[in-house]
Amino acid sequence: MTELIEAFVEEARAVSLAVAAVQFSRMAARGAEWTGACPVMGGKDAYAVNVVKGVWNCRKCGAGGHDAISLAAHECGFDLSCRSGFLGACAEVLGRPVPDGAGEESEAERAAREARLAKARAEAEERAALADKRKQYFRERAMHKARGIYFGAALVMPGEGLELREYLRLRTGHDMPEAVFESIRCDLRHTYWHGVDPFGRPAHIYTGTAMIAPFIDLTGKVYGCHETWIDLEVEPKRRPVILDEDGVSLPTKKMQGLHKGMLIPVLGDLRCCRWVVAEGIENVAAVAGLERFRDDTFYCAAGSLGNLAGPAASKEKHPSEKRIDKRGFERPVFVDGPLPKADADPASAFQVPDHVDDLVLIADGDSERLMTAFAMKRAELRLSAPGRVVTTDWPPQGAGDFSELCMELVDG
Ligand SMILES: [Zn+2]
């Protein structure tokens, strides 16, 4: 190697990973860690470049290294095991050609490198398209299954579905108007699937009455369903105790198909200008009862707090809550913050149509207060619009949620 080339290589070796990461603009810094898509394999956060530790790796390719040269070689497809590839990567790092053109890759080498890169990219694209297709297939299958469950459940006609009617009366303190059952259905023998049987088939571990509600989009089309198993004998929530094989209590509510970005209609018309929305069906039904089922209002549930609040811009340290980690140390607890994520996909959370000018959000009083307060703030900010009043109704202190409040009214 001539002195000139030696100096050139030394200069390239001295370039830090941080500088190289800036050079490849697809990468974004998150503290000491830079992440980004792999130039060959794609994937939003395939790369991890830690500029403090001075290491990088690409999870998609299984490649990695300790310096800017290896990172540049991965970016541009240089083969570091040959001289021309190594010098090419150095030239990429320094942003100028190899001095005197010495040891520079030949036309043929460059063509071969570019062909190699193009082939790898095409293969990665093909794999990504296939993965997308598979994802779409499973999404559609889950959606069809959910539709099958909802439309397979019985319509509750006047004088029928007494168990479901009684469940809602006990949980909300009010007899539900018939219009509620235009949306909410009932299945008297609803199977609870959990785990697999000794033959590897899905196992059914419980069968009983369930309330079946649809998840719809703003056009009213059904994309998913919400299942709630009911047992009137079990106080206070009137839901059965379903145990897995280890005796652990399982949730008695399940969601099927698509639910993010969707809503559960409980009472009223989507075209109403006033909407009242809670996380759970029982809660919004209780509020509807307290308001005497206003006919200018559409009452609906989001199904989960996450779907109501939407994704957060950041996490916040909880001022008082602590958790104990595996080694017995006290650690802070982080909760999703009050600001909505700026570039969130509208399909990632519950939406409200433009014509709604009065939106009432119902908070749960029985969840952790700060986490809930932040979530409700996110929902308020995310769903606010010019000419629309958005408010959050909190149940009285110590009352739990509106459903519990109304249950006490029934008992009392
Ligand atoms: Zn890669």
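The sections below set out a description of the structure shown in this document. What you are looking at is a predicted structure, and each value in this text was computed from that prediction instead of being measured.

The subject of this paragraph is unusual backbone geometry. Here the residue pair Glu 235 and Pro 236 is connected by a cis peptide bond, since its omega of 0° sits within 30 degrees of zero. On the secondary structure map, Pro 236 appears in the loop between strand E8 (222–229) and strand E9 (253–257). Positive phi, close to 60°, is recorded for Arg 292, a residue that is not glycine. The class for Arg 292 is exposed, based on a relative accessible area of 72%.

All right, on to the coordination of the zinc ion then. Cys 38 (SG), Cys 58 (SG), Cys 61 (SG) and His 74 (NE2) make up the full set of protein donors to the zinc ion, lying at 2.2 to 2.3 Å. Each of the four donor atoms around the zinc ion contributes to a set of angles spanning 104 to 115°, which defines the coordination as tetrahedral. Summarised as a motif, the one-chain spacing of the donors to the zinc ion is C-x19-C-x2-C-x12-H. Note that Cys 38 is positioned in strand E2 (residues 33–38) and His 74 in helix H3 (residues 68–76), a separation of 36 residues in sequence.

The residue Ser 70 is located in helix H3 in this model. Of the residues examined, Ser 70 reaches a relative accessible area of 12% and is grouped as buried. In contact with Ser 70, other than residues within four places in its own chain, are Trp 56, Gly 65 and Leu 80.

To continue, consider the packing of aromatic side chains. Taken as a whole, this structure holds six aromatic pairs when the rule is applied. Each ring, one from Tyr 150 and one from Phe 151, has its centre 5.0 Å from the other, and the planes form 65°; the classification is edge-to-face. Overall, the relative accessible area of 4% leaves Tyr 150 in the buried class. According to the relative accessible area criterion, Phe 151 is partly exposed, its value standing at 47%. Residue placement shows Arg 147 over the ring face of Tyr 223; its charged tip is 5.5 Å from the ring centre.

Attention now moves to the packing of H3 against helix H4 (residues 83–94). Describing two packed helices takes the angle between their axes plus the distance from one axis to the other. Relative to each other, H3 and H4 sit at 100°, their axes nearing to 8 Å. In this view, H3 runs roughly perpendicular relative to H4, as classed from their interaxial angle. Contacts from Ala 68, Ile 69, Ala 72, Ala 73 and Cys 76 in H3 reach Phe 86, Ala 89, Cys 90, Glu 92 and Val 93 in H4.

For the rest of this paragraph, the subject is H4. Between its first and last C-alpha atoms H4 spans 17 Å; for twelve residues at 1.5 Å apiece the expected length is 16 Å, and the two agree. Most of H4 is tucked away, with ten of its twelve residues classed as buried. Among the residues of H4, Ser 84, Gly 85, Phe 86, Leu 87, Gly 88, Ala 89, Cys 90, Ala 91, Val 93 and Leu 94 are the ones counted as buried. Its buried side turned inward, H4 meets helix H1 (3–13), helix H2 (17–23), H3 and helix H5 (107–152). Residue Gly 95 follows H4 closely and has a positive phi angle near 70°.

With that settled, the discussion passes to the pairing of strand E7 (residues 202–216). Strand direction decides the pairing type here: strand E6 (residues 185–196) and E7, joined by eight bridges, are antiparallel. Counted as the bridge partner of Arg 185 is Ile 212 from E7. Between E6 and E7, which pair antiparallel in sequence order, lie five residues; one of them, Gly 200, sits at a positive phi of approximately 85°. For E7 and E8, the ladder comprises seven bridges, and the chain directions are antiparallel. Residue pairing across strands places Ala 213 opposite His 226, the latter belonging to E8. What sits between the antiparallel neighbours E7 and E8 is a turn of five residues, in which Gly 220 has the positive phi angle 95°.

On the basis of which strands lie adjacent, the open sheet formed by five strands has the order E10-E12-E11-E15-E16 and mixed pairing. Each edge of the sheet is formed by a strand with only one pairing partner; in this case those strands are strand E10 (264–267) and strand E16 (389–393). Neighbouring strand axes in the sheet, compared pairwise and without regard to direction, differ in orientation by 25° on average. For E10 and strand E12 (residues 297–301), the ladder comprises three bridges, and the chain directions are antiparallel. Following the sheet pairing, Leu 267 is matched in E12 by Tyr 299.

Scanning the entire structure with this criterion turns up 18 salt bridges. Of the charged contacts in the structure, one is a salt bridge between Arg 165 and Glu 178, with a shortest N-O distance of 2.8 Å. Of the two residues, Arg 165 sits in helix H6 (residues 162–172) while Glu 178 sits in the loop between H6 and E6, which places them 13 residues apart along the sequence. Under the relative-accessibility criterion, Glu 178 is labelled partly exposed at 37%. In this structure, Lys 315 engages Asp 336 in a salt bridge whose closest nitrogen and oxygen atoms are separated by 3.1 Å.

The antiparallel open sheet is built from five strands, whose spatial order is E1-E2-E3-E4-E5. Of all the strands in the sheet, the pair left with one neighbour each is strand E1 (28–30) and strand E5 (63–65). Averaged over all neighbouring strand pairs, the angle between strand axes comes to 25°, with direction disregarded. With five bridges connecting them, E2 and strand E3 (residues 42–50) associate as antiparallel partners. Within E3, the position partnered with Trp 34 by the bridge is Val 49.

So, about helix H9 (residues 369–383). Spanning 15 residues, H9 covers 21 Å between terminal C-alpha atoms, matching the ideal 21 Å at 1.5 Å per step. Of the positions making up H9, those classed as buried are Thr 372, Phe 374, Ala 375, Met 376, Arg 378, Ala 379, Glu 380 and Leu 383. Where the residues of H9 are buried, they touch helix H8 (305–309), strand E13 (315–324), strand E14 (330–336), strand E15 (358–362) and E16. Capping of H9 at its N-terminal end is provided by Glu 368; its side-chain oxygen lies 3.3 Å from the backbone amide nitrogen of Leu 370.

What counts as what
- Residues numbered from 1 in each chain as written.
- Predicted model: local features only at pLDDT ≥ 70, side-chain atom pairs only at ≥ 80, totals over all residues.
- Heavy atoms only, no water.
- Helix = DSSP H or I, 4+ residues; strand = E, 2+ residues; numbered from the N terminus.
- Buried < 20%, exposed > 50% of the residue type's maximum accessible area, 1.4 Å probe, protein only.
- Donors = N, O, S within 2.8 Å, 3.2 Å for Na, K, Ca; no water.
- Tetrahedral: all angles 85-135°; square planar, octahedral: opposite > 155°, others 65-115°.
- Contact = heavy atoms within 4.5 Å.
- Phe/Tyr/Trp six-rings, centres within 6.5 Å; stacked < 30°, edge-to-face > 60°.
- Lys NZ or Arg CZ within 6 Å of the ring centre and 35° of its normal.
- Axes fitted to C-alpha atoms, helices over the stretch in contact; angles between N-to-C directions.
- Parallel < 35°, antiparallel > 145°, perpendicular 65-115°, else oblique.
- Expected span 1.5 Å × (residues − 1).
- Pairing = 2+ DSSP bridges.
- Salt bridge = Lys/Arg side-chain N within 4 Å of Asp/Glu carboxyl O.
- Polar contact = N/O pair within 3.5 Å; in protein donor to acceptor, adjacent residues only side chain to side chain.

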